[in-house]
Amino acid sequence: MRKSIAEKIAEGQVLISDGAWGTFLQNMGLQPGECPESWNLKHPEKILSIAQSYIDAGSDMVETNSFGGNAFKLVHYGLDKQVHEINKAAAEISRRAAGSEKHVLGSIGPTGKMLVMGDVTYKELCGAFKAQAIALAEGGADALVIETMSDIEEARAAVTAAADNTSCEIICTMTFEKSPEGEFFTMMGVTPSDMVATMVDAGASIIGANCGNGMENMIGIAKEIRAANPDIPLLIHANAGAPVFKDGETRFLETPEQMAALISNLLDAGANIIGGCCGTTPEHIREIFNTIHK
Amino acid sequence: MNQEEIINKIATCVEFGKVNKAAPYPPAMKGEDGADEYTKHALEMGVKPIDILNDALISAMDRVGEKFSQKKIFVPQMLISAKAMGAAMEHLKPFFSSGEVKRKGKFIIGTVAGDLHDIGKNLVAMIVEGAGWEVIDLGVDVKSAKFIQAINDNPGAIVGLSALLTTTMESMKNIVADIKRDCPGVKLVIGGAPVSEDFKNEIGADAYSPDPQKAVVLLNSMVA
Ligand code: B12
Ligand SMILES: [Zn+2]
């Protein structure tokens, strides 16, 4: 039987996750205004090729194309009745690339609704995340990654719904920004230390940060999470630097070598799983693999 | 309470997000009057709507914006402040539409297709309305056709477009091109954090403003 991610980390392994999906899809021709998750049904072979390219680059785990696969996001495309079908397909595709040994991380992103504004109730959020989590697990995900969260209550709803309704390992990552004073907060004001206690309590067994930052800031975030909890497995998905907007396109310019150069610092800061977010490619992952396994 | 005191009260309510007496937030001001009650009271006392707008609402929102960019406050507080400002604006609106403050023109505003950020757009809408313009707010995720329809329904209106994502700057560019093609002569003002004067020139819009206050100056100059 496949060991869990947490078990591997407890044995002292450093694991490699995958790179970007969103920016990869755009490069493959996803149009602005088109639903990324619809490609699980329309172009499964393209989605499979993304997953496969990360596995081939050395990832120990690969995400699913389901970041916006909750009913609140899918309704914009008239696809909210297909939550189950779309998410199940997402997991099946990534499982095909991962085989039985590697891990499939079912991606669950925010709904875009704000609890504080009364856009939605906590219960409604739980319901939407539950439906998505169950479908991802059914499609073959062995872990669920609740990611890019900024509101602690929305993250709690997602973690709770995922933990209560599946037997998957639950990973939760939030997106932090650096203040002028050098402290980290999500846009809703959550600090890395705030996050740890709440998410562990809600049922997450792996914690971390994704997006919004390149490797350099992620080192600071990892240190803060590690200081708040010395034992929790820690996952970091950094962007390939800050976005640069040029000629109608958003680009992330940090090279695989630039990112890989900071890996040892990130490991020293306490990270156990390293992968990429926006702008990272299979080349970035391969370079991370080479650095960790050299 | 004199004029200065009540203006300070309104400003404090907006700055800390006290919408009305019933609002539980912020806990420290529980049970006290909010922006809603104080604004009503100020008008009854004879304070001029334009003074309430400038000295209480806009100056408070400036401080809120400042604290937000320094990460002293976050999105929830920003939204609650905008809501408190909205509650005060409800009382000021009748004065603007009754002609006590003369309407300067019509302003159509919307956040461009693919983009759901509306906090900045709403502030611009409120402040432009407060400055005496009739505002037609098309909401978020607005496509070219909807802008063009609104322009046809409101001849002579100036159009404002907001974008907060680098990906939707592309959609702003397309919408500007569509409007320029279908409605030549209509003036387009753009804004939003990633947008700039250079970008305005690149996509052929007519004006850019980093904030609502400058937007008002711009709009006024366009009809002068
Ligand atoms: C609030 C917020 C959200 C809220 C929006 C809620 C709402 N109802 O608006 C939620 C949570 C839904 C959200 C979602 C997302 N967000 Co967001 N969000 C923000 C945040 C924190 C604040 C934006 C804001 O309201 N600022 C305050 C207002 C007052 O400022 P403003 O909008 O700039 O407006 C002022 C001026 O620009 C000007 N102005 C604005 N419009 C106009 C128009 C005219 C005509 C004029 C003259 C002037 C003008 O006047 C305003 C007042 O001064 C920013 C980060 C930040 N700290 O700024 C990220 C940010 C904009 N978001 C970001 C991202 C990536 C997203 C998501 C894609 C996240 C995700 N992965 O799901 C989604 C996208 C959803 C979508 N399709 O739009 C990124 C954008 C990165 C980029 N460069 O593209 C940012 C910068 C965060 C980051 N650092 O990564 N977000
Ligand atoms: Zn990202």
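Asker: Any details on the domain arrangement of chain B? Residues and values, ideally.
Answerer: Residues and elements named next belong to chain B. Split into domains, chain B comes out as domain 1 (3–98) and domain 2 (106–222). A straight line from the C-alpha centre of domain 1 to that of domain 2 covers 25 Å. Buried area between domain 1 and domain 2, both sides added, is near 940 Å², and the carbon and sulfur share of it is 81%. Applying the counting criterion to the domain 1 and domain 2 interface returns 0 salt bridges. Of all the elements in the fold, those that place two or more residues in the side of domain 1 that touches domain 2 are helix H3 (49–69) and helix H4 (75–97). Here the residues of the side of domain 1 that touches domain 2 are counted per class, giving 10 nonpolar, 1 polar and 2 charged.

Asker: Outline the coordination of the cobalt atom of ligand 1, listing residues and values.
Answerer: Its sole protein donor being His117 of chain B (NE2), the cobalt atom of ligand 1 sits 2.3 Å from that atom. Its place among the elements puts His117 of chain B in the loop between strand E1 (106–111) and helix H5 (119–130).

Asker: Outline the pairing of strand E3 (residues 103–108) of chain A, listing residues and values.
Answerer: All names here are of chain A. For E3, a buried count of 6 out of 6 residues is recorded, marking the element as mostly surrounded by other parts of the structure. Burial of the side chains of E3 extends over both faces: His103, Leu105 and Ser107 are buried on one face and Val104, Gly106 and Ile108 on the other. As defined by bridge partners, strand E2 (residues 61–63) adjoins E3 across 3 bridges and the pair is classed as parallel. Paired with Met61 across the bridge in E3 is His103.

Asker: Give me the lowdown on the site of ligand 1, citing residues and values where you can.
Answerer: Residues and elements named next belong to chain B. The full set close to ligand 1 counts 35 residues, and Leu116, His117, Asp118, Ser162 and Thr166 are the nearest of them. In the model, a nitrogen atom of ligand 1 is placed 2.8 Å from a nitrogen or oxygen of the His117 side chain. Within the backbone of Gly192, one N or O atom sits 3.4 Å away from a nitrogen atom of ligand 1. Of all the elements in the fold, those that place two or more residues in the shell around ligand 1 are H4, H5, strand E3 (158–162), strand E4 (188–191) and helix H9 (212–223).

Asker: Account for the side chain of Ser59 of chain A, naming residues and giving values.
Answerer: Residue and element names in this part refer to chain A. Structurally, Ser59 is set in the loop between helix H4 (44–57) and E2. Of note is the side chain of Ser59, whose polar atom sits 3.1 Å from the backbone oxygen of Tyr54. Once residues lying within four places of it in the same chain are set aside, the contact partners of Ser59 are Ile16, Ser17, Asp18, Tyr54, Lys102 and Ile285.

Asker: Tell me about the sheet that holds strand E5 (residues 207–208) of chain B, and please be specific about residues and values.
Answerer: Residue and element names in this part refer to chain B. Spatially, E2-E1-E3-E4-E5 is the arrangement adopted by the 5 strands of the open sheet, whose pairing is parallel. Strands at the two margins of the open sheet, each flanked by one partner only, are strand E2 (134–137) and E5. Pairing of E4 with E5, which is carried by 2 bridges, proceeds in the parallel orientation. Bridged to Ile190 within E5 is Tyr208. Helix H7 (residues 166–182) contacts E3 and E4 of the sheet and is inclined by roughly 175 degrees relative to E4.

Asker: Residues and numbers for the coordination of the zinc ion (ligand 2), please.
Answerer: Residue and element names in this part refer to chain A. Around the zinc ion (ligand 2), the protein contributes the donor atoms Cys211 (SG), Cys277 (SG) and Cys278 (SG), which lie 2.2 to 2.3 Å from the metal centre. Motif for the zinc ion (ligand 2), donor spacing along one chain: C-x65-C-C. You can see Cys211 sitting in the loop between strand E8 (206–210) and helix H10 (215–228) and its partner Cys278 sitting in the loop between strand E12 (273–276) and helix H13 (282–292), a full 67 residues away along the chain. On the accessibility criterion, Cys211 (15% relative accessible area) is buried.

Asker: Got a sec to walk through the packing of H4 of chain A against H13 of chain A? Specific residues and values, please.
Answerer: All names here are of chain A. For the pair H4 and H13, interaxial distance at closest approach is 8 Å and the crossing angle is 20 degrees. Judged by the angle between their axes, H4 and H13 are roughly parallel. Between H4 and H13 lies a crossing whose hand is right-handed. Along the contact surface, H4 presents Ser53, Tyr54, Asp56 and Ala57, while H13 presents Pro282, Ile285, Arg286 and Phe289. The class makeup of the residues in the contact of H4 with H13 is 5 nonpolar, 1 polar and 2 charged.

Asker: Could you give me a rundown of the pairing of E2 of chain B, with the residues and numbers involved?
Answerer: In summary, the side chains of a regular strand alternate between the two faces of the sheet. In this structure, E1 of chain B lies alongside E2 of chain B, joined through 4 bridges in parallel fashion. Residue pairing in the sheet places Lys106 of chain B in a bridge with Glu134 of chain B of E2 of chain B.

Criteria and thresholds
Residues numbered from 1 in each chain as written. Chains lettered and ligands numbered in written order. Predicted model: local features only at pLDDT ≥ 70, side-chain atom pairs only at ≥ 80, totals over all residues. Heavy atoms only, no water. Domains from an automatic or database assignment. Buried area = accessible area lost by both parts, 1.4 Å probe. Salt bridge = Lys/Arg side-chain N within 4 Å of Asp/Glu carboxyl O. Helix = DSSP H or I, 4+ residues; strand = E, 2+ residues; numbered from the N terminus. Nonpolar A, V, L, I, M, F, W, Y, C, P; charged D, E, K, R; others polar. Donors = N, O, S within 2.8 Å, 3.2 Å for Na, K, Ca; no water. Buried < 20%, exposed > 50% of the residue type's maximum accessible area, 1.4 Å probe, protein only. Pairing = 2+ DSSP bridges. Near = heavy atom within 4 Å. Polar contact = N/O pair within 3.5 Å; in protein donor to acceptor, adjacent residues only side chain to side chain. Contact = heavy atoms within 4.5 Å. Axes fitted to C-alpha atoms, helices over the stretch in contact; angles between N-to-C directions. Parallel < 35°, antiparallel > 145°, perpendicular 65-115°, else oblique. Left-handed = near helix turned anticlockwise from the far one by under 90°.

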